[in-house]
Amino acid sequence: MKAQTFLPQDYRPAEDEPFMNDRQLEYFRRKLEAWKQELLDQSAETLEGLQDSARSVPDLADRASEETDRALELRTRDRQRKLVSKIDAALRRIETGEYGYCEMTGEPISLKRLDARPIATMTLEAQERHERRERVHRDD
């Protein structure tokens with residue numbers, strides 16, 4: 001088991017330090033785990049809310065409105081479930097030493113991009129090329 005890296009509370013990864021050093025990896029690991037926990041907590045709240053709202057509403061308009069709200073909430077939770085699996089994949093990449101590097105080019109992903117989207121798997125340029133190709137093929 002790897003020793004925990006000390007990380008000051010105000011630490012932010014900087015361009016002038018070695019890329020994906022222990023401190024940066026620990027910073028992103030903590031950020032991903034906190035994000036995952038937040039999503040799991042929200043899911044638990046949703047389940048409790050859905051169980052509480054599973055009552056019979058006599059008015060048809062109110063019932064329809066409640067069903068629409070429930071469907072929207074479930075769709076949101078499904079997106080978050082997919083996001084949790086992407087967070088888990090990013091945490092695995094941290095463990096294997098692949099985190100922070102583009103899966104297409106092998107180049108380092110910018111720290112600003114990773115800070116804004118810690119589950120990013122491609123550099124901005126590679127992501128844009130990927131999306132352009134997707135659009136072209138989708139139009140076929």
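Up top is the structure.
About the criteria used
- Residues numbered from 1 in each chain as written.
- Predicted model: local features only at pLDDT ≥ 70, side-chain atom pairs only at ≥ 80, totals over all residues.
- Heavy atoms only, no water.
- Phe/Tyr/Trp six-rings, centres within 6.5 Å; stacked < 30°, edge-to-face > 60°.
- Helix = DSSP H or I, 4+ residues; strand = E, 2+ residues; numbered from the N terminus.
- Buried < 20%, exposed > 50% of the residue type's maximum accessible area, 1.4 Å probe, protein only.

A. View of the packing of aromatic side chains. For the structure shown, the criterion picks out four aromatic pairs. Both rings, one in Tyr11 and one in Tyr27, keep their centres 5.8 Å apart while their planes meet at 70°; by these two values the pair is edge-to-face. Of this pair, Tyr11 sits in the segment before helix H1 (22-52) while Tyr27 sits in helix H1, and the two are 16 residues apart along the sequence. Relative accessible area serves as the criterion here: at 9%, Tyr27 is assigned to the buried category. Considering the side-chain rings of Phe19 and Tyr101, the 5.1 Å spacing of their centres and the 85° angle between planes classify their relative orientation as edge-to-face. Of the two residues, Phe19 is situated in the segment before H1 and Tyr101 in the loop between helix H2 (60-96) and helix H3 (111-116); the sequence distance between them amounts to 82 residues. Ring pairing ties together the aromatic residues Tyr11, Tyr27, Phe28 and Tyr99, which thus form one cluster.

B. Expanded view of unusual backbone geometry. The phi torsion at Met20 lies on the positive side, around 55°, for a residue other than glycine. Residue class for Met20 comes out buried when judged on its relative accessible area of 10%.

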